[in-house]
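Spelled out from the first residue to the last, the chains are:
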Amino acid sequence: MAGTGTTKVVSGATLTISDAANGKTLNRTLENEGTVNWRHQQVTCNGGTVQNRPGALFDIDLSTDGSNRAWYANGGTNSFLNEGTVTKAGPQTATFEQSVGGSFTNAVGGLVQVSGGTLVLNWPGTNSGNMETAGELRFGGNWTHEAASNLDGPGTVAFTST
């Protein structure tokens, strides 16, 4: 998704990112009020913003192509704001990675839920909501977990430097 402006997924609608042959690029704002399914390929952000609104679902399940994938901040100002629910299923690893310019915010009321595999958050970020893992949830870079936030579940939570 290139160019200035906003792509909006309205409540009840679904956007699926799933082209096994080509990587994707996000150079604009993706505002999600419905469902976004990330299924294949790396996504490269160069000035890309994701706003996952209250009641919205951002679902990560890379098991259909069997590969580990990255949501990669490559230039400009990139951000992921979660006010809804982010889920990660399947055995693969999904990584929010950066060379420059990425930040991840799990806002009050936001939920990040890892039911399988590994979710790596190598963008600096803030957790003011809830994060649950039955798989592995890994934090790299500078992260702040607010006093009212929760990290919970029977899985593994790891903090590493990048």
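See the structure shown above.
Rules behind the numbers
Counting starts from 1 at the beginning of each chain's written sequence and moves along it residue by residue. pLDDT decides what is reported in this predicted model: residues at 70 or higher carry local features, side-chain atom pairs at 80 or more are listed and counted, and totals for whole chains, interfaces and linings draw on all residues regardless. The side-chain quantities take in all heavy atoms of the structure and omit both hydrogens and water. DSSP calls a pair of strands paired once it identifies at least 2 bridges connecting them. Numbering of helices and strands runs from the N terminus; a helix is a DSSP stretch of H or I covering at least four residues, while a strand is a stretch of E covering at least two. Should any heavy atoms of two residues lie within 4.5 Å, those residues are considered in contact. Each nonpolar core is a collection of buried residues, namely Ala, Val, Leu, Ile, Met, Phe, Trp, Tyr and Cys, held together in the definition by side-chain atoms within 4.5 Å. Residue exposure (1.4 Å probe, protein chains only): buried if accessible area is under 20% of the type maximum, exposed if over 50%, otherwise partly exposed.

A.B. asks: Looking at this structure, I do not really get the pairing of strand β6 (residues 43-46). What am I missing?
C.D. replies: Regular strands have side chains that alternate between both faces of the sheet. In this sheet, β6 lies alongside strand β3 (residues 24-26) in parallel orientation, the contact comprising 3 bridges. Across the sheet, the residue bridging to Lys 24 is Val 43, located in β6. Of the pairings in the sheet, the one linking β6 to strand β9 (residues 69-75) comprises 4 bridges and is parallel in character. Following the sheet pairing, Cys 45 is matched in β9 by Ala 73.

A.B. asks: Explanation requested: the side chain of Lys 88 in the structure shown.
C.D. replies: Among the secondary structure elements, Lys 88 is positioned in strand β11 (residues 85-89). In contact with Lys 88, not counting residues within four places along its chain, are Ile 60, Ala 94, Gln 113, Val 114, Ser 115, Gly 116, Gly 117, Thr 118 and Leu 119.

A.B. asks: I tried to follow the nonpolar core on my own but got confused; where do I start?
C.D. replies: In summary, soluble globular proteins display a tendency toward joint burial of nonpolar side chains. Ranked by internal contacts, the top residues of the largest apolar core, which has 28 residues, are Trp 38, Phe 58, Ile 60, Trp 71, Phe 96, Leu 119 and Leu 121. Discounting chain neighbours no more than four positions away, the residues touching Trp 38 are Ile 17, Val 43, Phe 58, Asp 59, Ile 60, Asp 61, Leu 62, Arg 69, Ala 70, Trp 71, Ala 94 and Thr 95.

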